[in-house]
Amino acid sequence: MGQIFDIRLIPEYTVKLLSGIPTTLLLFILVTVLSLILGMAFALIKIQNIPFLYQIVAILISYARSVPGIVQLFVVFYGMPILIEEFTGVNATLWDPLLFVVIAYTFNTSVFFCEAMRTAIESLDKGQFEAGFSVGMSYPQVFIRIILPQAVRISLPTLEINACTMMKETALAYTIGVTTDIMGRATILGGRSYHLLEADISASILFLILNFILVIVFSRINKKFFTFKRKESVAV
Amino acid sequence: MIELRNIKKSFGKNEVLKDVSVSVNDSDVVVILGPSGSGKTTLLRCINFLEKADSGILKVNRDVINLKNAGKKEIQDIRKRVSFVFQHYNLFANKTAIENVAEGLIVTKKMKKTEAIKIAAEHLEWVGLSDRKDFYPSELSGGQQQRVGIARAVAMDPEVILFDEPTSALDPELVGDILNLIKKVARKGIAMIVVTHEMSFAQEVANKVIFMDGGYVVEEGRPEDIFIHPKEERTRAFLSKIVPLEPMYNI
Ligand SMILES: Nc1ncnc2c1ncn2[C@@H]1O[C@H](COP(=O)(O)OP(=O)(O)OP(=O)(O)O)[C@@H](O)[C@H]1O
Ligand SMILES: [Mg+2]
């Protein structure tokens, strides 16, 4: 028995939901950083065509691409504790659900990061590698100092889209009992007062703002670290 | 002294180098000529392991290296002592001109950054690019990029520099400048192997000219011998297609 829509609740709810931002941001940052590392590793495995690992990554990629995010989240949340118990005897069912959110989203996001970085690396002229080798650098040295910065620059727009998608998708965390992020708080708030729509609109506002900030941060990062032009020539 | 012995290299069924031997004395300038596809680039690439030869021996001063099964350490050691100047410059796109020159010094010669930058600055000055040291490759002309490429090669203080058609991607009016710079490198006394189609450069600077064709060295000798009295018919045919024989310079 829903109450009548009350627009005046929206500012109030929006302020209340601010308390969900730390968890949402923490999730976002953790998943982004872990996915960058894991995605890079996946990309290397694919590029180097490392047997066995290559097949595993290929399976992970098609899984992450074809299975809905919420299903992936459930599989990790309900499946991993069983596996953990099986192999270590540890009871993981009472672990913080946030942990499983991080795992599920890292797995999913790293697959998309992997593809973005792999195509970026493959688009680079192989002369970039060869120039590094020709002065005596090893593969890892060339990779980290020469290839990676250029690959990040090329893949940044795609990484940005994937990161933005991931941030809003973390809202699904409430389905496995996370209550401290924006959507978790909104669900509780709206559920108690039966003003669910107002809570959802407040959450929308916060996600819009977060996304806006994210876009600015990405463009700053791009300008500052990955333009490979002098400041004065960029300004012109 | 650099010596290559019995280098063989195939790509699949395509036997590119059938049996090539070359020797380069200290401060020699060796020019390699040959028709397109005769394996000149492949030969240079085999020397610093950008391509793995199927067999062959590389001697660099006292060290003898088997080109086929050299280990990682040996390969990196050779690369520190053998610089490469690329046809398409291949500057590190994420590094400024001065960083391009300093990179190898810092990473493989393990120099302190300040020292490497100082040496890099000296070399950029030497190639006439002091005012462009903080420019990125995308902000440099082809000729300027190749100057940085040459500075990067020379700064490594190598025993030999390999040039693979260093001027063929340049606008014609810039070719002379870069050839002059390469002459300046030669005057430093660094040994070099230069693949080029610039015959007048070969005549003027080389003390040995090698003509390659069909996977073999067809003929080699002093430039005056090769250009004026080639012994082999194939050399003669190749030269007659390319050059007016009088020294000609359009700088
Ligand atoms: N990576 C490669 N894979 C397969 N074939 C190759 C490869 N590199 C070179 N080749 C072949 O080897 C042959 C020799 O090539 P190379 O580039 O050494 O010739 P070149 O003498 O430098 O010619 P150009 O004067 O046109 O530069 C060519 O037939 C080429 O197709
Ligand atoms: Mg070539």
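The structure we're discussing is the one just above.
Residues numbered from 1 in each chain as written. Chains lettered and ligands numbered in written order. Predicted model: local features only at pLDDT ≥ 70, side-chain atom pairs only at ≥ 80, totals over all residues. Heavy atoms only, no water.

Participant: Could you give an account of the pattern of salt bridges, with specific residues and numbers?
Facilitator: In total, this model carries 24 salt bridges over all chains according to the counting rule given. Here Arg230(A) and Glu139(B) are joined by a salt bridge, their closest N and O atoms 3.0 Å apart. One end of the pair, Arg230(A), is in the loop between α9 (196-225) and α10 (231-235); the other, Glu139(B), is in the loop between α4 (113-126) and α5 (142-155), on a second chain. Each member of the pair, Arg230(A) as well as Glu139(B), is classed as buried. A salt bridge links Arg234(B) to Asp213(B); the nearest nitrogen and oxygen atoms lie 3.8 Å apart. A residue pair is termed long-range when its members are at least 10 positions apart, and Arg234(B) in helix α9 (residues 233-242) and Asp213(B) in strand β9 (residues 208-213) qualify at 21 residues. Ionic contacts of the salt-bridge type, sharing partners, join the residues Lys46(A), Arg65(A), Glu115(A), Arg118(A) and Glu122(A) into one network. (Salt bridge = Lys/Arg side-chain N within 4 Å of Asp/Glu carboxyl O. Helix = DSSP H or I, 4+ residues; strand = E, 2+ residues; numbered from the N terminus. Buried < 20%, exposed > 50% of the residue type's maximum accessible area, 1.4 Å probe, protein only.)

Participant: So, the environment of Phe207(A): which residues are in play, and what are the values?
Facilitator: All names here are of chain A. Relative to the helices and strands, Phe-207 is located in helix α9. Look at Phe-207 and you get buried, because its relative accessible area is 15%. For the pair Phe-207 and Lys-168, spaced 39 residues apart in the sequence, the C-alpha separation amounts to 7.1 Å. The contacts of Phe-207, once residues within four sequence positions are left out, are Thr-24, Met-167, Lys-168, Ala-171 and Ile-182. (Contact = heavy atoms within 4.5 Å.)

Participant: Can you lay out the packing of aromatic side chains for me, pointing to particular residues and giving the numbers?
Facilitator: Inspection of every chain in the model, using the stated rule, returns 13 aromatic pairs over all chains. Judged by centre distance (4.9 Å) and plane angle (70°), the ring pair of Phe77(A) and Tyr78(A) falls under edge-to-face. On the basis of relative accessibility, which here comes to 16%, the residue Phe77(A) falls in the buried class. One Lys or Arg, Lys184(B), reaches over the ring of Trp126(B) and ends 4.7 Å from the middle of that ring. (Phe/Tyr/Trp six-rings, centres within 6.5 Å; stacked < 30°, edge-to-face > 60°. Lys NZ or Arg CZ within 6 Å of the ring centre and 35° of its normal.)

Participant: Lay out the interface of chain B and chain A in plain terms, naming residues and giving numbers.
Facilitator: Between chain B and chain A, the contact holds 27 residues from the first and 20 residues from the second. Roughly 2100 Å² of surface becomes buried between chain B and chain A when both sides are summed, with 56% attributable to carbon and sulfur atoms. Linking chain B to chain A there are 3 salt bridges. With 4 residues, helix α3 (residues 97-107) of chain B is the single largest residue contributor to the side of chain B that touches chain A. (Buried area = accessible area lost by both parts, 1.4 Å probe.)

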